[in-house]
Amino acid sequence: MEIPTVIGLGLGFDGTSNWINKNIVDRLILGVTDFRPDEYSIGRKFLVLWSFLTLFTFLLYFTLCPLVFTFLYLRRDSKGGNIAAWNQREGRDQVRNEITLSVFSIIVMAALTAPFELFVEAGYTKIYWVRFFCLQHLEATFRTLLFPFSLDLPTTAFGWVYLCVCSPILFVTFSDTCVYWIHRLLHHRLLYARIHKLHHKYKETTPFSSYAFHPIDGWLQGCPYHIFVFLFPMHHISYFVALAFVGLWTINIHDRTSLKIPFVNGSAHHTIHHTGFNYNYGQYFIFWDVIGGSFRDPFLQAPYNGKPLASGDVPIPPKTKLI
């Protein structure tokens, strides 16, 4: 049976792949009207997923990064400063270089990630379906206009609790733990220069730094998000939303501006990681940094302590304790 053909959020990756195959590849490119997904080759499925992952990430990157950059970096106040306290001290070609590297890396990382989604499509993961909205053919026009959707939600209290509470907590906890240790391992002398150093080329990051990785680096740090669904049940839409959130968070922690939220590893913390190298490896929270002795409080250091960052300063704050 064909999955309902609504592209994007309503279907997750597997349903979106079917939508692309049916409405774009079959109809527009091949001129085929019969929808036979069981006959699609692995190569075709891979190419569709690779294309979708690449285009989806490009859309995210080239929509949000310019907006954030314009608002936080280019807009100047009466004193000539900007919200991000960024003044192109590492060269006027920084943004162009970051975009060039990001475009290459996104294409390669999408190719490396697509096999995970092939396993999702083939049913080898613990992803499950509970349709939130399913289009219905109603006879009465006014009823269609007033309430065109039929809800198909979890029917038990446990189903709701797992969907809304347990699954997100497990996903964040598992990925935050894995990313911390993968990230810390990438700073080992045997791996840093070969793989991770490229992402640390610029100490003063911009939103465009968010995907400026060596492709292997970005893929390794992204693996936990996909491995999670091999180990824990997750709704297919929750999976899609979670990966989109990861993309947004990746941009957010590189924009140098941060709300002081307790225990959260925000962009101020990640700025210290880029300037100090061996601090604040965490993805979402500071817990593993505290346990691992790599936590540094950015709000004790300029520019986050209210003092201007002097020319040539490289903010590496003193070791701090979590109170």
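That block above? That's the structure.
For the structure given in this document, a descriptive report is provided here. Remember, predicted model here, so these are calculated numbers, not experimental data. (Residues numbered from 1 in each chain as written. Predicted model: local features only at pLDDT ≥ 70, side-chain atom pairs only at ≥ 80, totals over all residues. Heavy atoms only, no water.)

### Structural notes on the overall build of the protein chain
So, point 1. A count of helices and strands for the protein chain gives ten helices and four strands.
So, point 2. Ordered by position from N to C terminus, the α and β elements of the protein chain give α-α-α-β-β-α-β-α-α-α-β-α-α-α.
So, point 3. Put simply, the protein chain has 323 residues, and 47% of those count as buried.
So, point 4. Approximately 17,200 Å² of the protein chain is accessible, and the part contributed by carbon and sulfur atoms is 67%. (Helix = DSSP H or I, 4+ residues; strand = E, 2+ residues; numbered from the N terminus. Buried < 20%, exposed > 50% of the residue type's maximum accessible area, 1.4 Å probe, protein only. Areas by Shrake-Rupley, 256 points an atom, 1.4 Å probe, with all protein chains shown as cover.)

### Describing the packing of helix H5 (residues 157-186) against helix H7 (residues 215-231)
So, point 1. Running from N to C, H5 and H7 point in directions that differ by 150 degrees, and their axes come no closer than 9 Å. By the angle between their axes, H5 is roughly antiparallel relative to H7. In this structure, H5 meets H7 at a crossing whose hand is right-handed. Two secondary-structure elements touch here, H5 through Ser167, Leu170, Phe171, Phe174, Ser175, Cys178, Val179, Ile182, His183 and Leu186 and H7 through Asp217, Leu220, Gln221, Pro224, Tyr225, Ile227, Phe228 and Leu231.
So, point 2. Residue classes in the contact of H5 with H7 are distributed as 13 nonpolar, four polar and one charged. (Axes fitted to C-alpha atoms, helices over the stretch in contact; angles between N-to-C directions. Parallel < 35°, antiparallel > 145°, perpendicular 65-115°, else oblique. Left-handed = near helix turned anticlockwise from the far one by under 90°. Contact = heavy atoms within 4.5 Å. Nonpolar A, V, L, I, M, F, W, Y, C, P; charged D, E, K, R; others polar.)

### Regarding helix H3 (residues 94-122)
So, point 1. With 29 residues, H3 should cover 42 Å at 1.5 Å per step; its first-to-last C-alpha distance of 42 Å lies within 8% of that length.
So, point 2. Maximum bend of H3: about 30 degrees, positioned at threonine 113, with proline proline 115 one to four residues after it.
So, point 3. One or two steps after H3, the chain reaches glycine 123, where phi turns positive at roughly 85 degrees. (Expected span 1.5 Å × (residues − 1). Bend = angle between axes of the 7 residues up to and from the residue.)

### Things to note about the nonpolar core
So, point 1. Among the nonpolar cores identified, the biggest contains 17 residues, and Phe171, Tyr225, Phe228, Val229, Met234 and Tyr239 are the most heavily contacted of them.
So, point 2. For this core, the secondary structure elements donating two or more residues are H5, H7 and helix H8 (236-252).
So, point 3. Broken down by element, this core gets its largest block of residues, five residues, from H8.
So, point 4. Setting aside anything within four residues of it in sequence, one finds phenylalanine 171 in contact with Tyr225, Phe228, Met234, Ala242 and Val246. (Core = buried A, V, L, I, M, F, W, Y, C linked by side-chain atoms within 4.5 Å.)

### Focus on the packing of aromatic side chains
So, point 1. Scanning all chains against the criterion turns up 29 aromatic pairs.
So, point 2. Chaining the aromatic ring pairs together yields one cluster made of Phe58, Tyr61, Phe62, Phe69, Tyr73, Phe208 and Tyr211. (Phe/Tyr/Trp six-rings, centres within 6.5 Å; stacked < 30°, edge-to-face > 60°.)

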